[in-house]
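Descriptive analysis of the structure
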Amino acid sequence: MNEPTFADDPLLQGAFAWASSQAATEPMAEQYCPTRDVFTGRIDHCRSEAIRAGMTADQSFLLHAVLGEIGNNAFDHNIGAWKDLPGILFSWQCKPGTCSIVIADRGQGILQTLRQVRPALHSDEDALHVAFLERLSGRAPERRGNGLKFVRSVLLEDGLNLAFQSGNARYAVMKKQELWSNVTNAVPGCIAVVSWKAS
Amino acid sequence: MESVMTIEMRKVGTILDSRPAGREAYLAIISRIPIAQVDVISGEFRDIVIDFAGVEVLTPSFADEFITSIAEAHGGHVRLIHTQDNITVRKTLAFLREEWGEKVLME
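Only a predicted model underlies this, so the values are computations on that prediction, with no experimental measurement involved. (Residues numbered from 1 in each chain as written. Chains lettered and ligands numbered in written order. Predicted model: local features only at pLDDT ≥ 70, side-chain atom pairs only at ≥ 80, totals over all residues. Heavy atoms only, no water.)

A tally of helices and strands in chain A yields six helices and five strands. N-terminal to C-terminal, the α/β element order of chain A is α-β-α-α-β-β-α-α-α-β-β. The C-alpha atoms of chain A give a radius of gyration of 15 Å, which matches the 16 Å a tight globule of 199 residues would have. Projected onto its principal axes, the C-alpha coordinates of chain A cover approximately 45 × 35 × 35 Å. Within chain A, the fraction of its 199 residues that count as buried is 55%. Considering only residue pairs separated by 6 or more positions, chain A has 61% of its internal contacts joining residues 24 or more positions apart. Surface exposure of chain A reaches about 8,500 Å², of which carbon and sulfur atoms provide 51%. Taken together, the 19 basic and 21 acidic charged side chains of chain A have centroids lying 2 Å from each other. (Helix = DSSP H or I, 4+ residues; strand = E, 2+ residues; numbered from the N terminus. Rg over C-alpha atoms; globule rule 2.2 N^0.38 Å. Buried < 20%, exposed > 50% of the residue type's maximum accessible area, 1.4 Å probe, protein only. Contact = heavy atoms within 4.5 Å. Areas by Shrake-Rupley, 256 points an atom, 1.4 Å probe, with all protein chains shown as cover. Lys, Arg positive; Asp, Glu negative; His and termini not counted. Charge placed at Lys NZ, Arg CZ, Asp CG, Glu CD.)

See the structure below:
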């Protein structure tokens, strides 16, 4: 399986460098969503470009739902806890027949978030498994924790691709096949690449 | 008095995709609908109907804050209609269904 490496193209490479750098630098204005409102407004724009690239209406609605869950998760879990720069980097590139969309944050990451409710978690890999497979909220007693499970279910049923990394753990779904792995280049927060290719 | 109250979600918005939006919608709606109100004739809780016609995007985050909160506050059934028109509505409601049990009915 050809898993996205985050170095496949300049868009992904730039987002990975931003998310993993020691010092915070503000992304380009058209990529930076300092607040949830900005992010919400830009998803519609992204969806429109995906449709122009050839995505069906149903696929575009699912894309919106997947991006919404991933991006809103960053805001839900990092308010007041950003490592330095608040908000997310949200960028995309759509060409006829293909789209790549990246969402990255400089937040506390999945492991630290879930440790608040499950202190025994000790690795990024374990945390990522919990995040995508179990209905456990990082903000208990609030009722949360379904978003990434829903994302997984959509990916496995509907053919959008994802590479998601937090810390040094990575989860990918390519052509409805899952892959869990550990990588050497860590990101403190999270980075997600959602991609689509016309069949 | 009608025995059923209907919430038309398209009047809340066609893009329903975040927890804060779901929470805000719940707080706005809850003051306007007779949650936990008993029908004077039948003596039973009045059903609440949530109509998803016209909704383009629904996510579990929004649905969890909105539908689950209404179901918890309401004594009667919550019935969901036009649940198959949009793919995200269909998938989100199917995904959350097991958590709601028989109190939330999907049509």
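All names here are of chain B. Size it by volume and the second largest pocket reaches roughly 150 Å³. Considering the residues around the second largest pocket, the lining is formed by Thr-6, Ile-7, Glu-8, Lys-11, Val-12, Ile-29, Arg-32 and Ile-33. Looking at the lining of the second largest pocket element by element, the count peaks at three residues for strand E1 (residues 4-8). Across the lining of the second largest pocket, the residue classes break down as four nonpolar, one polar and three charged. (1 Å grid on protein atoms, 1.4 Å probe; cavity = no way out; pocket = protein on both sides within 12 Å on 5 of 7 lines; lining within 4 Å. Points joined across faces, edges and corners; volume = space filled by probe spheres on them. Nonpolar A, V, L, I, M, F, W, Y, C, P; charged D, E, K, R; others polar.)

Turning to the packing of aromatic side chains, a few remarks are in order. All names here are of chain A. One pass over the full model with this rule turns up ten aromatic pairs over all chains. Centre to centre, the rings of Phe-39 and Phe-90 are 5.1 Å apart; their planes meet at 75 degrees, and the pair counts as edge-to-face. Here Phe-39 is found in helix H2 (residues 36-52), whereas its partner Phe-90 is found in strand E2 (residues 88-95), with 51 residues between them in sequence. Given the relative accessible area of 0%, Phe-90 is considered buried. With 5.0 Å between their ring centres and 50 degrees between their planes, Phe-90 and Trp-92 make a pair best called tilted. Judged by relative accessible area, Trp-92 falls into the buried class, the value being 15%. Among the aromatic residues, those joined into a ring-pair cluster are Phe-39, Phe-75, Trp-82, Phe-90 and Trp-92. (Phe/Tyr/Trp six-rings, centres within 6.5 Å; stacked < 30°, edge-to-face > 60°.)

Structurally, a disulfide amounts to a covalent bond that connects the sulfur atoms of two cysteines. Residue and element names in this part refer to chain A. What the rule picks out here adds up to one disulfide over all chains. Between the sulfur atoms of Cys-94 and its disulfide partner Cys-99 the distance amounts to 2.3 Å. Judged by the sign of its S-S torsion, about 120 degrees, the bond between Cys-94 and Cys-99 is right-handed. This cysteine, Cys-33, is not joined by any disulfide, and Cys-46 carries the nearest cysteine sulfur, 10 Å off. Assessed through its relative accessible area of 0%, Cys-33 is described here as buried. A disulfide-free cysteine, Cys-46 has its sulfur positioned 5.5 Å from the sulfur of Cys-94, the nearest such atom. Look at Cys-46 and you get buried, because its relative accessible area is 0%. (Disulfide = S-S within 2.5 Å.)

So, to be careful, I would describe these as geometric facts and stop short of saying anything about function.
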